[in-house]
Amino acid sequence: AQLPTGPNATISSGDWSGVGTGTSGESWDFQTCTLLVERIGLSNASMFRPVRHWTLDWMTQHCQARFGVTPQPTQLVQQWKFDDLPAEGASRIL
């Protein structure tokens, strides 16, 4: 089977480029439904896939049906203050 394991598995997962199959696909789908929300759409016709624009509404519906969770796309930014690292004492040196 080409689907991840678990309840309500679909070919359309949290990562529209694919999450994989089996339990690893289920795990990645869960990650992209919780804290690692990826705003990935498919817009290039040369990709041999239909054009799909990413929406938080679709993602929320998928994640609630699949895992009973609501995506939190900004939680890590807020929790670890990624939006203002210099104010948190980080340097600008890469």
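Residues numbered from 1 in each chain as written. Predicted model: local features only at pLDDT ≥ 70, side-chain atom pairs only at ≥ 80, totals over all residues. Heavy atoms only, no water.

Asks: Hey, could you go over the pattern of salt bridges for me, with residue numbers and the actual values?
Replies: When charged atoms on two side chains of opposite charge get close, those side chains can pair. According to the stated counting rule, one finds 1 salt bridge in the structure shown. With a closest N to O distance of 2.8 Å, Arg66 and Asp29 form a salt bridge. You can see Arg66 sitting in helix α2 (residues 56-67) and its partner Asp29 sitting in helix α1 (residues 22-33), a full 37 residues away along the chain. Here Arg66 falls in the buried class, since its relative accessible area comes to 3%. By relative accessible area, Asp29 is classed as buried at 0%. (Salt bridge = Lys/Arg side-chain N within 4 Å of Asp/Glu carboxyl O. Helix = DSSP H or I, 4+ residues; strand = E, 2+ residues; numbered from the N terminus. Buried < 20%, exposed > 50% of the residue type's maximum accessible area, 1.4 Å probe, protein only.)

Asks: Break down the state of the cysteines for me, citing the residues and quoting the values.
Replies: Two cysteines joined by a covalent bond between their sulfur atoms form a disulfide. As enumerated under the stated definition, the model contains 1 disulfide in all. Each sulfur in the disulfide pair Cys33 and Cys63 lies 2.2 Å from the other. Given an S-S torsion of about -85°, the disulfide between Cys33 and Cys63 has left-handed geometry. Linking Cys33 in helix α1 with Cys63 in helix α2, this pair joins segments that are 30 residues apart in sequence. (Disulfide = S-S within 2.5 Å.)

Asks: Break down the packing of aromatic side chains for me, with residues and values.
Replies: All chains considered together, the criterion is met by 1 aromatic pair. Look at Phe30 and Phe67: their rings are 5.3 Å apart centre to centre, the planes differ by 85°, and that puts the pair in the edge-to-face class. Taken together, the residues Phe30 in helix α1 and Phe67 in helix α2 connect sequence positions 37 residues apart. The class of Phe30 is partly exposed, set by a relative accessible area of 34%. For Phe67, a relative accessible area of 21% puts it in the partly exposed group. (Phe/Tyr/Trp six-rings, centres within 6.5 Å; stacked < 30°, edge-to-face > 60°.)

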